[in-house]
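# Architecture and fold: a report
Letter by letter, the chains look like this.
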Amino acid sequence: MRATDIESDLNDVLVTEEQILAKLDEIAARVAADYEGKDLLLVGVLKGAVMVMADFARALPTLVPMDWMAVSSYGAGTKSSGVVQIRKDLDTDLTGKHVLIVEDIIDSGLTLSWLLDNFASRGAASIEVFALLRKPEAAKVHVECKYVGFDIPTDFVVGYGLDYDERYRNLRDVAVLAPHVYS
């Protein structure tokens, strides 16, 4: 589904699918060079990072294992609660691994900051972050992010894995959700 299919639910398209795929190719080339010869593990954060992880992993020119963690700090709202709940933990031991966390979006940074601390306690050789989207003005804590696709405004966005109440994840573009949808 494209943004043009649901225009009345959206205010603006911020990033198109074509722009996303081009950016994923660019970042995949950088990651491949940066991690050449290293034991890299991609860790996706469910559910939002599914689309990013799938397309990013396919863009990488090397074989790389993936694991998933499900955490929540949103519920059905549009703002992070700041309280992180683990809903599914990793299946992989991080000891000695070079971990690249693949995120759909960094908003307040609270959940990602918690994840970085949690993973650091598990013995990873290194931990870096790739976020497709980042909202610099929404940050409540500073989180170092080595790879960033696009900086966007603080509007509530949906698409490409991002949802509002489990809807809009399959939108191929990233767009600002119109307030009348969630008011």
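Use the structure listed above.
Procedures and definitions
Residues numbered from 1 in each chain as written. Predicted model: local features only at pLDDT ≥ 70, side-chain atom pairs only at ≥ 80, totals over all residues. Heavy atoms only, no water. Helix = DSSP H or I, 4+ residues; strand = E, 2+ residues; numbered from the N terminus. Rg over C-alpha atoms; globule rule 2.2 N^0.38 Å. Buried < 20%, exposed > 50% of the residue type's maximum accessible area, 1.4 Å probe, protein only. Contact = heavy atoms within 4.5 Å. Phe/Tyr/Trp six-rings, centres within 6.5 Å; stacked < 30°, edge-to-face > 60°. Axes fitted to C-alpha atoms, helices over the stretch in contact; angles between N-to-C directions. Parallel < 35°, antiparallel > 145°, perpendicular 65-115°, else oblique. Left-handed = near helix turned anticlockwise from the far one by under 90°. Nonpolar A, V, L, I, M, F, W, Y, C, P; charged D, E, K, R; others polar. Pairing = 2+ DSSP bridges. Arc of directions from axis to C-beta. Right-handed = clockwise from strand over helix to strand, strands pointing away.

Right, let's get into the overall build of the chain. For the chain, the helix and strand inventory stands at 4 helices and 9 strands. When the helices and strands of the chain are listed from N to C terminus, the series reads β-α-β-α-β-β-β-α-β-β-β-β-α. Taking 2.2 N^0.38 as the reference for a compact globule, 183 residues should give roughly 16 Å; the C-alpha atoms of the chain span a radius of gyration of 16 Å, in line with that estimate. Projecting the C-alpha coordinates of the chain onto the three principal axes gives extents of approximately 50 × 35 × 25 Å. Residues classed as buried in the chain amount to 49% of the 183 residues present. Looking at the chain alone, contacts between residues at least 24 apart form 65% of all its contacts between residues at least 6 apart.

In this section: the environment of D173. Following the sequence through the fold, D173 ends up in the loop between β8 (157-158) and β9 (174-177). Overall, the relative accessible area of 3% leaves D173 in the buried class. Between the C-alpha atoms of D173 and D151, which are 22 residues apart in sequence, the distance is 15 Å. Discounting residues that sit within four places of it in the chain, D173 has contacts with R2, A3, V13, V15, T16, E17, V158, G159 and Y160.

Moving on, we get to the packing of aromatic side chains. Overall, the coordinates contain 4 aromatic pairs when judged by the stated rule. Ring geometry for F156 and Y164: centres 6.1 Å apart, planes at 90°, overall edge-to-face. Each member of the pair F156 and Y164 is classed as buried. Among the aromatic side chains, those forming a connected cluster through ring pairs are F156, Y164 and Y182.

Packing of helix α1 (residues 17-34) against helix α2 (residues 50-59) leaves a shortest axis separation of 8 Å and a crossing angle of 55°. On the basis of their axis angle, the class for α1 and α2 is oblique. In the packing of α1 onto α2, the handedness of the crossing is right-handed. Between α1, through L21, L24, D25, I27, A28 and V31, and α2, the contact on the second element is made entirely by V52, D55, F56 and A59. Classifying every residue of the contact of α1 with α2 gives 8 nonpolar, no polar and 2 charged.

So, on to the sheet that holds strand β1 (residues 10-15). The sheet built from 3 strands is open, its strands ordered β1-β9-β8 with antiparallel pairing. Strands at the two margins of the open sheet, each flanked by one partner only, are β1 and β8. Bridge count between β1 and β9: 3 bridges; the pairing is antiparallel. Note on β9: the bridge partner recorded for V13 is A175.

It is worth spelling out helix α3 (residues 110-120) at this point. Taken as a whole, α3 has its buried residues at T111, L112, L115, L116, N118 and F119. The arc that holds the buried residues of α3, viewed along the axis, is 165°, so those residues lie on one side. Those residues of α3 that are exposed and angled more than 90 degrees off the buried face are D117 and A120.

Here the focus is the pairing of strand β6 (residues 126-134). A regular strand carries its side chains on alternate faces of the sheet. Two strands pair when backbone bridges link them, and strand β5 (residues 98-106) and β6 are joined in this way by 8 bridges, in the parallel orientation. Within β6, the residue paired with V99 across the bridge is I127. As for the winding sense of the linkage, the β-α-β connection from β5 through α3 to β6 is right-handed. Taken together, the 4 bridges between β6 and strand β7 (residues 147-151) define a ladder with parallel strand orientation. The partner of L133 across the bridge, within β7, is F150.

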